[in-house]
Amino acid sequence: MQIRSLITDSSKGKGRRKLASAAVLAGALMLSVAPMASAAPTTSGGDIESITISEQKAESAVEYWTPERMKAAKNADSLVAGKSGSAAKVEAGKPAKVAGHKADAAAAKKAQTKGGKTRATQESPVSHIGKVFFTLGGSDYVCSGNSVVSANESTVSTAGHCLNEGPGSFATRWVFAPAYENGNAPYGTFAATELVAPTEWSNGGDITYDTGFAVVGTSGGSALSDAVGASGVAFNQARGQYYTAYGYPAASPFNGQTLQSCKGYASDDPFGQTQSQGIPCNMTGGSSGGPWFLGSGSDGYQNSVNSFGYSSVRDTMFGPYWGSVIQQAYQTAQN
C-alpha cells in the first residue's frame, strides 16, 4: 500500500500528479479459467459510467467464487501503480446525509447460510461490512466493501479500483460476501448486476475519485439491506473529522480472514497531490474499499473508503473526499 514517489505528469493537465510505484489495498492471483462472456456495453451519464451485468453472468459469478478461490485471491499492488491524483479542489454541494437501514430479522435468517489507534484492531464480523471478490484483466482480486442505504436496497460501496481498471474495463465475476470471517460467509454472496464509477476514475484513473458502487442481486431470495442492514451515507462534509475505518487487510502481518479497524482524525494529503484525506492506520493490501464512518464504530454515516498510502508517510491510510461527483455516482447506483 505504498507510493514511493510523485512525478509530474504534464499530459494529465494542470493539477494532476502521477503516483509512481503505488500499492493498493486489493489483491490478485492469475487463474487458468475461461473468462466470462462480455458484459453489456457501458453507459455514461455526465460524470458517471456504469455497466449492466446479466442475471446469467451474476449467477455464474456466485458459482465461480468457491471457498478455495476466495482464499487464493491475493492483494495486487499493481492496480493503482502509476495512477494520477488531482490537486484541484473537489466539487462539493450542500452537506447531505441519508440515514441507514436496519436488517430485517426474517430476511437475515433467510439469507444466512451454514457455514485513533495506528495499529489495526481485530473486530467481530459486522453484518453489513464484507469482502469483495472480482476478476479484472484475467486475474482474481480481493477487496473490502459495505452495504449502504439505497432505494433499491441492494447497493455496495467500495474503492473505484475494486471494480474498474481506472481507466479501462469494468470487473467481471464481482461478488460481495458480508460478515466474512475465516472462510465463512454466513449470508452467502451477492453478485453484482451493475457497476458504477465516476468517469474521473473510469476514464482518467484519478485517485482523488477512487470510489465505486455495485448494485447486487439477492441471496437466498433476500435483498441485501434486508438481510444485513445498510449504513447511512454522508457527502460534502467538513474535512478533518474523526473516522473509524474497517477492512480485511491480507498482506503481512494480516491474513485477510478477519475484519480490522482503525480510528483517528483525518488530515489532508501532506504532499498536496490529491484531495484525499489520511487517518492513522496500518491496514495493508486487501482492505481497499473498506468503509470510513464518521465518529466511532460501524453504526455511523459512511463518508469515504480505504484507497491508498505513501511509503514516506508511515501507518497512514488515505481515502477520497466524498463530494458531489461521488454523490452523483451513489445516486446513479442506488436508484
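Residues numbered from 1 in each chain as written. Predicted model: local features only at pLDDT ≥ 70, side-chain atom pairs only at ≥ 80, totals over all residues. Heavy atoms only, no water.

Describing the state of the cysteines
For the coordinates displayed, the defined rule picks out two disulfides. Here Cys143 is linked by a disulfide to Cys162, with a sulfur-sulfur distance of 2.1 Å. Taking the sign of the S-S torsion, about -80° here, the bridge from Cys143 to Cys162 comes out left-handed. Of this pair, Cys143 sits in strand β10 (residues 139-148) while Cys162 sits in the loop between β11 (155-158) and β12 (172-178), and the two are 19 residues apart along the sequence. Using a relative accessible area of 0% as the deciding quantity, one classes Cys162 as buried. Across the disulfide, Cys262 is cross-linked to Cys281 (sulfur-sulfur distance 2.2 Å). For the disulfide bridge between Cys262 and Cys281, the dihedral angle about the S-S bond is near 65°, and by the sign convention the bridge is right-handed. Here Cys262, found in strand β17 (residues 259-265), pairs with Cys281, found in the loop between β19 (277-280) and β20 (291-294); they are 19 residues apart in sequence, far enough to count as distant. (Disulfide = S-S within 2.5 Å. Helix = DSSP H or I, 4+ residues; strand = E, 2+ residues; numbered from the N terminus. Buried < 20%, exposed > 50% of the residue type's maximum accessible area, 1.4 Å probe, protein only.)

Regarding the sheet that holds strand β18 (residues 267-268)
Spatially, β18-β19-β22 is the arrangement adopted by the three strands of the open sheet, whose pairing is antiparallel. One side of each edge strand has no neighbouring strand; the edge strands of this open sheet are β18 and β22 (316-319). With two bridges connecting them, β18 and β19 associate as antiparallel partners. Bridging from a neighbouring strand, Ser267 pairs with Gly278 of β19. (Pairing = 2+ DSSP bridges.)

Considering helix α1 (residues 55-64)
Side chains three or four residues apart in an α-helix point the same way, a direct result of the helix having 3.6 residues per turn. All buried positions along α1 are accounted for by Lys57, Ala58, Ala61 and Tyr64. Down the axis, α1 shows its buried residues gathered within 120° of arc, on one side only. Turned more than 90 degrees away from the buried face of α1 sit Glu55, Gln56 and Glu63, all of them exposed. Against the buried residues of α1 lie α2 (67-72), β9 (129-136), β10, β12 and β13 (190-198). (Arc of directions from axis to C-beta. Contact = heavy atoms within 4.5 Å.)

Let's talk about the side chain of Ser147
The topology assignment puts Ser147 in strand β10. By relative accessible area, Ser147 is classed as buried at 1%. Leave out the neighbours within four places in its chain, and Ser147 touches His128, Thr155, Phe176, Leu224, Ser225, Val228, Gly229, Ala230 and Ser231.

Some points on helix α6 (residues 324-334)
The element α6 is largely enclosed, with a buried count of eight among its 11 residues. Of all the positions in α6, only Ser324, Val325, Ile326, Gln327, Ala329, Tyr330, Ala333 and Gln334 are classed as buried.

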